[in-house]
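The primary structure of each chain is shown beneath.
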2 protein chains.
Amino acid sequence: MSTTARQAVDGRRAETLGRLLLAGSDELRATGYEALTIRSVATRAGVSAATAYTYVASKNHLFAELFWRYLDHEVPQVVSGDTPVARVQAVTRQMGAALAAVPELAAAVTPALLSSDPDVERLRLRIGADFVHRFEAALGDAATPALLDALVLAFSGALLQAGMGVMTYTDMGDRLDPVVAAIVAGHA
Amino acid sequence: MSTTARQAVDGRRAETLGRLLLAGSDELRATGYEALTIRSVATRAGVSAATAYTYVASKNHLFAELFWRYLDHEVPQVVSGDTPVARVQAVTRQMGAALAAVPELAAAVTPALLSSDPDVERLRLRIGADFVHRFEAALGDAATPALLDALVLAFSGALLQAGMGVMTYTDMGDRLDPVVAAIVAGHA
DNA sequence: CATCTGACTGGACACGTGTCCAACTTATGT
DNA sequence: ACATAAGTTGGACACGTGTCCAGTCAGATG
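As a convention, each chain's residues are numbered from 1 in the sequence order in which they are written. For this description, chains carry letters from A and ligands carry numbers from 1, given in the order in which they are written. Two thresholds apply to this predicted model, a pLDDT of at least 70 for residue-level local features and 80 or more for giving and counting side-chain atom pairs, whereas whole-chain, interface and lining totals are computed over all residues.

### What to know about the overall build of chain A
In this text, helices come from DSSP runs of H or I with a minimum length of four residues, and strands from runs of E with a minimum of two, each type numbered from the N-terminal end. Tallying secondary structure elements over chain A gives nine helices and zero strands in all. The secondary structure elements of chain A, listed N-terminal to C-terminal, are α-α-α-α-α-α-α-α-α. C-alpha atoms define the radius of gyration, and 2.2 Å times the number of residues to the power 0.38 defines the globule rule. Against the globule reference of 16 Å for 188 residues, chain A gives a C-alpha radius of gyration of 18 Å, in line with a compact fold. The C-alpha extent of chain A, read off along each of the three principal axes, is 55 × 35 × 30 Å. Remark: C-beta atoms are placed from the backbone, and a residue is labelled buried if 20 or more other C-beta atoms sit within 10 Å of its own, exposed if 12 or fewer do, or partly exposed between those counts. Across the 188 residues in chain A, those meeting the buried criterion constitute 43%.

Structure (structure tokens):
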């Protein structure tokens, strides 16, 4: 059972939801997020539009859901590196690489997460908490609220800029390394 | 003459554009950005929808335009404070206050700026450059590319989080003060 | 005064959104 | 095996988007 989607989902519904999300993912890769339609995803999943809306409140919700699952299932929380700085840098690099690997999803999720849709809001908080948690784990004993705050702000900024196309996800790691170093140094 | 809107605008068109933007601003304050429609703005401006689309490519473009004008006309570039840190903090505080003063516009512009609409893109770059310029001026001799980069990232992050409703624009100043201090200190 | 031009209009268009509902098809359980 | 519930369906709905175009109108230009 999963509480991620619109309502709790289990048994038969879980399978349909799975097919729907898979179809969404494929459609995203195949046609890009501008062209993607809930109806086109539904068709690809072999399901009617009405049914699709049973699982997914909106395009934005679909994207948020896909992103959350990607983050949760495909991007492990690695803690590698000797110093707090190195470990945080490993996290931001990993996230940059993970996002660069799914450009369409990354492009779709940034605007999607700004939606005021309540289903999106739930996921937004979850995703935010996940980021914080990754940084917290990387910092270890060095973690303080102020430091986490600063790191999350810088990271969010990078996500926003990448979402705007001002920087690439591939560059994100490189751009953030010195910023992370400075932030951690400044909190010493 | 102005090059800000869809095309260059002068004479009679300049007046109509002015009325349209004013109406947009009023409509935003009055009904919020969820309810706002290009057609409703057009009506308020006493102009047909077809005409409105002559000046403004999309809702997103309208919001970006309004925000840019607000920034450019109503938010002066102040440089106050004795140290680079204090001056940068003055900038972020001022921006936070300026955004808090127009909550509907702030809420509207964050998603709007992510649009791939070319008219939005132009404004996005202009606005980004404006931010950089403010920080540059505040830093004075202390400005380096890496430092600017870090500050802009943190600031963008704050904008994103405020846009998401995770923090308020009023809190933005307070939240950014220590972050700014740490970033500048880390680059010393 | 006649004309020409640029601004504006109204209304139709194709499309996507998200909602609703009565009817149908599967499962489930007694 | 049959009633009941759970899941799905097609199709219509009201609405917003952004585009297009023939037609009107006012004001400069000759």
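Read on for the rest.
### Digging into the interface of chain A and chain B
Where interface size is quoted, it is often the accessible area lost as the parts come together. With 29 residues of chain A at the contact, the number on the chain B side is 29 residues. For the side of chain A that touches chain B, the secondary structure elements donating two or more residues are helix 6 (103-112), helix 7 (118-139), helix 8 (145-164) and helix 9 (169-186) of chain A. With 13 residues, the top contributor of residues to the side of chain A that touches chain B is helix 8 of chain A. Of the residues assigned to the side of chain A that touches chain B, the class counts are 18 nonpolar, eight polar and three charged. Think of it this way: build a C-beta for each residue from its backbone, and any pair within 7 Å is a contact. The classification used treats Ala, Val, Leu, Ile, Met, Phe, Trp, Tyr, Cys and Pro as nonpolar, Asp, Glu, Lys and Arg as charged, and all other residues, Gly among them, as polar.

### Things to note about the protein's contact with DNA strand D
Among the 18 residues in the neighbourhood of DNA strand D, the closest are listed as T16, S48, A50 and T51 of chain A together with S58 of chain B. The set of elements that each furnish at least two residues to the surface near DNA strand D consists of helix 1 (12-35) and helix 3 (49-55) of chain A together with helix 2 (38-44) and helix 3 (49-55) of chain B. The rule is simple: place the C-beta atom from the backbone, and if it lies within 6 Å of a molecule or strand, the residue is near it.

### Considering the protein's contact with DNA strand C
The environment of DNA strand C is formed by 18 residues, the closest being S58 of chain A together with T16, S48, A50 and T51 of chain B. At the level of elements, helix 2 (38-44) and helix 3 of chain A together with helix 1 (12-35) and helix 3 of chain B are the ones that each hand at least two residues to the surface near DNA strand C. Along the lines of polarity and charge, the residues of the surface near DNA strand C split into seven nonpolar, seven polar and four charged.

### Points about the packing of helix 4 (residues 59-74) of chain B against helix 6 (residues 103-112) of chain B
Residues and elements named next belong to chain B. For helices, the axis comes from a line fit to the C-alpha atoms of the stretch in contact; other axes are also lines fit to C-alpha atoms, and the angle between any two N-to-C directions lies between 0 and 180 degrees. Two elements in contact, helix 4 and helix 6, have axes whose closest approach is 9 Å; the angle formed by their N-to-C orientations is 120°. Comparing the axis directions of helix 4 and helix 6 gives the class oblique. For the pair helix 4 and helix 6, the sense of crossing is left-handed. Contacts from N60, F63, A64, L66, F67 and Y70 in helix 4 reach L105, A108, V109 and A112 in helix 6. Looking at the contact of helix 4 with helix 6, its residues break down into nine nonpolar, one polar and no charged. Should an angle lie under 35 degrees it is considered roughly parallel, over 145 roughly antiparallel, and from 65 to 115 roughly perpendicular; all remaining angles are considered oblique. Each crossing gets its hand from how the near helix is turned against the far one by less than a right angle, where anticlockwise is left-handed and clockwise is right-handed.

### So, the environment of L113 of chain B
Relative to the assigned elements, L113 of chain B resides in the loop between helix 6 and helix 7 (118-139). The contacts of L113 of chain B, once residues within four sequence positions are left out, are M164 of chain A together with A64, V120 and R124 of chain B.

### A few points about helix 5 (residues 84-100) of chain B
With 17 residues, helix 5 of chain B should reach 24 Å at 1.5 Å per residue; the first-to-last C-alpha distance of 24 Å fits that figure. Looking at the buried residues of helix 5 of chain B, the elements they touch are helix 6, helix 7, helix 8 (145-164) and helix 9 (169-186) of chain B. Here the expected length of a helix is defined as 1.5 Å per residue gap, with one fewer gap than residues.

### A look at the relation of the copies chain A and chain B
When the copies are superposed, the least-squares fit draws on C-alpha atoms of residues that have pLDDT of at least 70 in both. Laying chain A over chain B is done by rotating through 180° and shifting 0.0 Å along the axis; what remains is an RMSD of 0.0 Å. The relationship between the two copies is best expressed as a two-fold rotation axis. When C-alpha distances to the rotation axis are compared across chain A, the minimum falls at G157 of chain A, with a value of 1.7 Å. Mapped onto chain B, 100% of the interface residues of chain A again fall at the interface, so both copies present the same surface.

### Some thoughts on the domain arrangement of chain A
All names here are of chain A. How far each domain reaches was decided by an automatic or database domain assignment. According to the domain assignment, chain A consists of domain 1 (12-56) and domain 2 (68-186). Here domain 1 and domain 2 have C-alpha centroids that lie 27 Å from each other. Contacts between the two partners involve five residues from domain 1 and, on the opposite side, five residues from domain 2. When its residues are assigned to classes, the side of domain 1 that touches domain 2 shows three nonpolar, one polar and one charged.

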